[in-house]
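# Remarks on the overall topology
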Amino acid sequence: DTGVSQNPRHKITKRGQNVTFRCDPISEHNRLYWYRQTLGQGPEFLTYFQNEAQLEKSRLLSDRFSAERPKGSFSTLEIQRTEQGDSAMYLCASSTDRGGEAFFGQGTRLTVV
Amino acid sequence: AQSVTQLGSHVSVSEGALVLLRCNYSSSVPPYLFWYVQYPNQGLQLLLKYTSAATLVKGINGFEAEFKKSETSFHLTKPSAHMSDAAEYFCAVSAPRGSYIPTFGRGTSLIVHP
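Overview of the structure. All values reported here derive from a predicted model rather than from experimental measurement.

### A few points about the packing of aromatic side chains
Ring pairs (aromatic) are described by centroid distance and by the angle formed between their planes. With the rule as written, the count across this model stands at 15 aromatic pairs over all chains. Measuring from ring centre to ring centre gives 5.5 Å for Tyr35(A) and Phe104(B), while their planes differ by 90°; the resulting arrangement is edge-to-face. Here Phe104(B) lies in strand E10 (residues 103-104) and Tyr35(A) lies in strand E4 (residues 31-37), a pairing that spans two chains. Accessibility classification places Tyr35(A) together with Phe104(B) in one group, the buried group. An angle of 85° between the planes, with centres 5.5 Å apart, marks the rings of Phe104(A) and Tyr36(B) as edge-to-face. Of the two residues, Phe104(A) is situated in strand E10 (residues 103-104) and Tyr36(B) in strand E4 (residues 32-38); the pairing between them involves two chains. Each member of the pair, Phe104(A) together with Tyr36(B), is buried.

Below, the structure written as structure tokens:
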């Protein structure tokens, strides 16, 4: 068990470009969460998958954001036409069906210039 | 819906002093509660969790927290602060069934002075 893995760790992009982040959860975890964290704030929920089904999305997830989890394994989060306000740490977490704690990855820090 | 409020965005203590970080929760059902720690440019690491078993929960690195239903609180304590405890601490709440989506507080930055 290598924990939750996120790639890349850092991404700098120009405004208007598209970016995609990847999350590999702990292998036996079928629940996967995406969060966004800005400086000085706690993580804010974006979206949740159970296996390959996206079951819940936050109002923070605008139309420019899309997340997928094909085959219920890794997940991707894509941001289209990035804006400076998208600059944040994007965190992925996974957990089992039994509830309890979510295990977090190291995050992907996005900077939009 | 669940929410947490962390009182104090910054807490400053001397090395060796008691650490007390406050968290109050709001939940329509008996909650699951968590404390996580975050070091700069890192993800979140679980310190401890309450999932309706013992109300006094012991975690890693000498931290513990007590679930008090009457006060809707889940404060984090450590008897003696160490320099390595300096970090950001987050309290989180989730429902005990369904999606289990954790909802986080705004965090408390712990500063430890030598």
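### Considering the side chain of His75(B)
Residues and elements named next belong to chain B. Its place among the elements puts His-75 in strand E8 (residues 73-78). Take His-75: its relative accessible area is 19%, and that puts it in the buried class. Within polar-contact distance, the side chain of His-75 engages the backbone nitrogen of Cys-23 at 3.0 Å. With residues near it in sequence (within four places) discarded, His-75 still touches Leu-20, Leu-21, Arg-22, Cys-23, Asn-24, Trp-35, Glu-64, Ala-65 and Glu-66.

### Considering the interface of chain B and chain A
Counting residues at the interface gives 19 residues for chain B and 24 residues for chain A. Taking both sides of the interface into account, the surface hidden between chain B and chain A amounts to around 1,800 Å²; carbon and sulfur atoms contribute 51%. On the chain B side of the interface with chain A, the three residues burying the most area are Asn41(B), Tyr100(B) and Ile101(B), jointly 28% of the side's total. Scanning the region where chain B abuts chain A turns up one salt bridge. There are nine residue pairs in polar contact (both at pLDDT 80 or more) connecting chain B and chain A. Going through the elements one at a time, E4 and strand E5 (44-50) of chain B are the ones with two or more residues in the side of chain B that touches chain A. Counting residues per element, the side of chain B that touches chain A draws most heavily on E4(B), which supplies four residues. Considering only residue class, the side of chain B that touches chain A consists of ten nonpolar, seven polar and two charged.

### Focus: the sheet that holds strand E7 (residues 65-68) of chain A
Residues and elements named next belong to chain A. On the basis of which strands lie adjacent, the open sheet formed by four strands has the order E1-E3-E8-E7 and antiparallel pairing. For this open sheet the edge positions go to strand E1 (5-7) and E7, each flanked by a neighbour on one side alone. Each strand axis lies, on average, 15° off the axis of its neighbour in the sheet, ignoring direction. Pairing between E7 and strand E8 (residues 75-79): four bridges, direction antiparallel. If you follow Phe-65 over to E8, its bridge partner there is Ile-79.

About the criteria used
- Residues numbered from 1 in each chain as written.
- Chains lettered and ligands numbered in written order.
- Predicted model: local features only at pLDDT ≥ 70, side-chain atom pairs only at ≥ 80, totals over all residues.
- Heavy atoms only, no water.
- Phe/Tyr/Trp six-rings, centres within 6.5 Å; stacked < 30°, edge-to-face > 60°.
- Helix = DSSP H or I, 4+ residues; strand = E, 2+ residues; numbered from the N terminus.
- Buried < 20%, exposed > 50% of the residue type's maximum accessible area, 1.4 Å probe, protein only.
- Polar contact = N/O pair within 3.5 Å; in protein donor to acceptor, adjacent residues only side chain to side chain.
- Contact = heavy atoms within 4.5 Å.
- Buried area = accessible area lost by both parts, 1.4 Å probe.
- Salt bridge = Lys/Arg side-chain N within 4 Å of Asp/Glu carboxyl O.
- Nonpolar A, V, L, I, M, F, W, Y, C, P; charged D, E, K, R; others polar.
- Pairing = 2+ DSSP bridges.
- Axes fitted to C-alpha atoms, helices over the stretch in contact; angles between N-to-C directions.

Such coordinate-based values are descriptive only and should not be taken to indicate function.
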